[in-house]
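# Coordinates in review
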Amino acid sequence: MIKYHKKMKHEKYHILIPITATMAILTLLFFFMIGWINEYTIRADAMIRSIDSYGELGNINLSAYDNLTSRLAFWSGIAVLATIMVIIVSFTSLKRKGRDVFRLAYYDALTNLPNTDCFKFYWDDGILEEESLHMSKIIYLINTVNFKLINMTSGYRIGDEVIKEIANRLKYHLPNTTDLFRLSADRFILVQDQTVDTLPISEMISLISKAFKEPFKFQDATKKLSIQVSVLTTKDLNCKSDDILRKCLIDMDHLKVSRDQKHLIYNREIEETFYRESLIENELREVIDGRDTERLHLMYQPQHALGSSAVVGVETLARFDSKHLGTIPPQEFITIAENKQLIIQLGKIILKSACDFACKLTEFGHGDIRVAVNVSAIQLLDEHFTDDVVDIVRRSGCKFTQLELEITESAVMDTFESINTKLKYLRDLGILMSLDDFGTGYSSLYRLQSLEIDTVKLDKRFIDDVGIQNEVSMITAEIIKMAHIIGLNVVAEGVETESQAIFLQLNQCDIAQGYLFNKPMKPLDILSMLTIESLTTKEVFDAS
Ligand code: C2E
Ligand code: CA
Ligand code: CA
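In this report, the structure presented in the accompanying data block is examined. (Residues numbered from 1 in each chain as written. Chains lettered and ligands numbered in written order. Predicted model: local features only at pLDDT ≥ 70, side-chain atom pairs only at ≥ 80, totals over all residues. Heavy atoms only, no water.)

## Let's talk about the site of ligand 1
As a reminder of what qualifies: Any residue with a non-hydrogen atom lying within 4 Å of a molecule or strand is treated as near it. What qualifies as a polar contact is a pair of N or O atoms within 3.5 Å, subject to a donor-acceptor requirement within protein and to the restriction that residues adjacent in sequence count only when both atoms come from side chains. Runs of H or I in DSSP of at least four residues are treated as helices and runs of E of at least two as strands, each being numbered from the N terminus.
Around ligand 1, a shell composed of 21 residues is seen, among which Gln301, Glu315, Arg319, Glu496 and Tyr515 lie nearest. Between ligand 1 and the protein, one listed contact pairs an oxygen atom with a side-chain N or O atom of arginine 319 at 2.9 Å. A distance of 2.7 Å is found between an oxygen atom of ligand 1 and a backbone nitrogen or oxygen belonging to tyrosine 515. For the shell around ligand 1, the secondary-structure elements that each account for two or more residues are strand S9 (311–322), helix H10 (330–339) and strand S13 (432–438). In terms of residue count, S9 provides more of the shell around ligand 1 than any other element does, 4 residues in total.

Have a look at this one:
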């Protein structure tokens, strides 16, 4: 248990006690002053009265004074007693009030656990006791993943009961050397001093998990709750509670992105990644809002027919130049766009621009070259996907047959039926469908039979080992053969060497894409390359 000074927030109310005491002393002083002035006046009065007509001082009669003095002494005594009573009463009531106010402000009424403000107060006001002050702390942020469902399906009253149960279970399972706070609805924070006896993080996490092992029973239902835990170790006790909570929440964010992970230990790298991602996210938003469209541009990598070497298609590859971070690799910004729910809008911008390029190709006499566009799984799953594609193609004025969409195996295999219906709808319009990165996922060629696609793109990892590893060469050859049997074209991607190209050509692979032929190029460079090529071809034809 972390040692806190006994001084607590409600002690602020004790400021009233010295004030009351001072007032009491002042009251007493006031009475004594009155008494003294009275004594002085009476003595003087008695003296004046005792002066006889000859001006001689006679016997002074002090009986009136004595009477008054004893009355004054009596009333002063009463005043002192009353003041003491007032101090005692106000002290007790203030103490109680202070405690009540403290409980109200710093304790959660539902679980009886200290709340976030209490955590902040302890941490920020530096009121840890000397012993605890110099110890590193381990902070666990516990988040229940599917609690919201209970609130939504069974209502808040049941939700509250479950929260109470969670708190009780945590209190039961966790060692009393830790401090548990309720951070928000279904989040708890646990603070532990790091000493030689402190349980290792893994054991603490298994204790926390124990609290969630049994399903929660409510009404007639039972529900198992899963949790995520982010762990932060800090030696820097000068850092503020907000900073600690922020770091824990950054972890949580990452845990959400990688859904399979159950706990994450905070480190500097995560924070740097978080800032980098936030920057990229903001700049992507600027592109989407139309505030800074220049940052995003498209490159096109030619695809060559193996045999004739003619360019039969181009793959659209998005590029993003950050104001602050320079060029961002597509895997990075596309993943951020996916995680931040920006990919649908970004995908539409990319598709629109690719369709405009398809129009340009037609304008330059290359209307037969397909423009392939990568599509993320999230885009495919979107209910407006097909409508959006049709709308963008129609508005741009290019032909459906000029467009090809590259989809990945994982997207399709997870929700085969619904995706396949969409693919069929678009194929019927003339759009080609290509299965990207084939061989990296888990789909079998057999499954591909029933999938609405035209082409498989053999992943670069196969191509890298072709001609080097006998097994890979044999598998690649087999895949090409089988794909042809079920009526699919095969594109090999990442072709870098002559020997790979020769192997692929010998095994009847249809199309190749890779640095051996071209790197991704700017649209204008592609247009001029195609123009030169067609001129050269024309010259060859003219000459023959
Ligand atoms: P991908 O669709 O598999 O794209 C092929 C990647 O291989 C591209 O990388 C391309 O530049 C690279 N590549 C092509 N030939 C060679 C080669 O001979 N050697 C090597 N080493 N690499 C080669 P890039 O442009 O960095 O794109 C990476 C990934 O980013 C793409 O993989 C795709 O998954 C994603 N991506 C790119 N643009 C978009 C987009 O507009 N939308 C979506 N959803 N994803 C995109
Ligand atoms: Ca691709
Ligand atoms: Ca690929």
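## Quick word on the nonpolar core
Stated precisely, the cut-off is as follows: Buried residues of nine kinds, namely Ala, Val, Leu, Ile, Met, Phe, Trp, Tyr and Cys, make up a nonpolar core once their side-chain atoms join them within 4.5 Å. Think of it in three bands: with a 1.4 Å probe and only protein chains considered, a residue is buried below 20% of the maximum accessible area for its type, exposed above 50%, and partly exposed in between.
Judged by nonpolar contacts, the single largest core of 80 residues is most densely connected at Leu405 and Leu448. With 28 residues, the next largest nonpolar core counts Ala211, Phe212, Phe216 and Ile227 among its residues.

## Re the packing of helix H6 (residues 156–173) against helix H7 (residues 201–211)
Where we set the bar: A fitted line through C-alpha atoms serves as each axis, taken over the contacting stretch for helices, and the angle formed by two N-to-C directions is quoted from 0 to 180°. Small angles under 35 degrees read as roughly parallel and large ones over 145 as roughly antiparallel, with 65 to 115 read as roughly perpendicular and the rest as oblique. Throughout, a crossing is termed right-handed when the near helix is turned clockwise from the far one, and left-handed when it is turned anticlockwise from it by less than a right angle. Here a residue-residue contact requires only that any non-hydrogen atoms of the pair lie within 4.5 Å. In this classification, Asp, Glu, Lys and Arg are treated as charged, Ala, Val, Leu, Ile, Met, Phe, Trp, Tyr, Cys and Pro as nonpolar, and every other residue, Gly included, as polar.
At a closest axis distance of 8 Å, the pairing of H6 and H7 adopts a crossing angle of 140°. Looking at the two axes, H6 sits oblique to H7. Between H6 and H7 lies a crossing of right-handed hand. Counting all contacts with H6, which are made through Arg169, Leu170 and His173, the residues of H7 involved are Leu207, Ile208, Lys210 and Ala211. Of the residues assigned to the contact of H6 with H7, the class counts are 4 nonpolar, 1 polar and 2 charged.

## Things to note about the coordination of the calcium ion (ligand 3)
Let me state the cut-off plainly: Only nitrogen, oxygen and sulfur atoms qualify as donors, and only when within 2.8 Å of the metal (3.2 Å in the case of Na, K and Ca); with water excluded, sites may look incomplete.
In this structure, Asp436 (OD), Asp437 (OD), Glu493 (OE) and Glu493 (OE) serve as the protein donors to the calcium ion (ligand 3), at separations of 2.1 to 2.8 Å. Binding-site remark: the calcium ion (ligand 3) is held by donors from one chain whose sequence spacing is D-D-x55-E. Accessibility expressed as a relative area gives 7% for aspartate 436, which makes it buried.

## Side note on the coordination of the calcium ion (ligand 2)
Glu315 (OE), Asn374 (OD1), Glu406 (OE) and Asp436 (OD) make up the full set of protein donors to the calcium ion (ligand 2), lying at 2.1 to 2.3 Å. The sequence pattern describing where the donors of the calcium ion (ligand 2) fall on their chain is E-x58-N-x31-E-x29-D. Separation of the calcium ion (ligand 2) from the calcium ion (ligand 3) amounts to 3.9 Å, with aspartate 436 serving as a shared donor to the pair. Residue glutamate 406 is found in strand S12 (residues 403–408), and its partner aspartate 436 is found in strand S13; the two are separated by 30 residues along the sequence. The residues glutamate 406 and aspartate 436 share a single accessibility class, namely buried.

## Describing the pattern of salt bridges
The following threshold applies: Counted as salt bridges are all cases of a side-chain nitrogen of Lys or Arg within 4 Å of a carboxyl oxygen of Asp or Glu.
What the rule picks out here adds up to 26 salt bridges. With a closest N to O distance of 2.9 Å, arginine 169 and glutamate 165 form a salt bridge. You can see arginine 169 and its partner glutamate 165 sitting in helix H6, 4 residues apart, about one turn around the helix. Given a relative accessible area of 35%, glutamate 165 falls into the partly exposed group. The salt bridge involving aspartate 356 is made with lysine 352; its shortest N-O contact spans 3.5 Å. Of the two residues, aspartate 356 and lysine 352 both sit in helix H11 (residues 343–363), 4 residues apart, roughly one turn of that helix. Within the structure, one salt-bridge network assembled from shared partners comprises Glu315, Glu406, Lys457 and Glu493.

## Points about the pairing of S13
For clarity, the threshold we go by: In this analysis, strands are considered paired if DSSP registers two or more bridges between them.
Most of S13 is tucked away: 5 of the 7 residues are buried. Bridge analysis of S12 against S13 gives 5 bridges, and the strand direction is parallel. Paired with glutamate 406 across the two strands is serine 434, which belongs to S13.

## What to know about the side chain of aspartate 292
Residue position: aspartate 292 is located in the loop between helix H9 (268–289) and strand S8 (296–305). Residue classification places aspartate 292 among the buried residues on the basis of a relative accessible area of 16%. Side chain to side chain, aspartate 292 and arginine 295 meet in a polar contact 3.0 Å long. Contacts of aspartate 292, omitting those with residues within four sequence positions, involve Glu286, Val287 and Lys323.

## Considering the packing of helix H13 (residues 385–396) against helix H15 (residues 416–429)
Two numbers describe a pair of packed helices, the interaxial angle and the distance between the axes. The interhelical angle for the contact between H13 and H15, taken along N-to-C directions, is 20°, at an axis separation of 10 Å. As the angle between them shows, H13 and H15 are arranged roughly parallel. In the packing of H13 onto H15, the handedness of the crossing is right-handed. Each of Phe385, Thr386, Val389 and Val390 in H13 lies in contact with H15, whose residues at this interface are Lys422, Tyr425, Leu426 and Leu429. Its residues assigned to classes, the contact of H13 with H15 comprises 6 nonpolar, 1 polar and 1 charged.

## Observations regarding the packing of aromatic side chains
What counts, and what does not: What counts as a ring pair is set by centres within 6.5 Å for rings of Phe, Tyr and Trp (its six-membered ring), and what kind of pair is set by the plane angle: stacked under 30 degrees, edge-to-face over 60, tilted for all other angles. Only Lys NZ and Arg CZ are tested; either one counts as a charge over a ring when it is within 6 Å of the ring centre and within 35 degrees of the ring normal.
The full count for this structure, using the stated rule, is 5 aromatic pairs. A ring pair is formed by phenylalanine 212 and phenylalanine 216, whose centres lie 6.1 Å apart and whose planes are at 55°; its orientation type is tilted. The side chain of arginine 169 reaches across the aromatic face of phenylalanine 216, ending 3.8 Å from its centre. Across the ring face of tyrosine 515, the terminal group of lysine 519 is positioned such that the distance to the ring centre comes to 4.7 Å.

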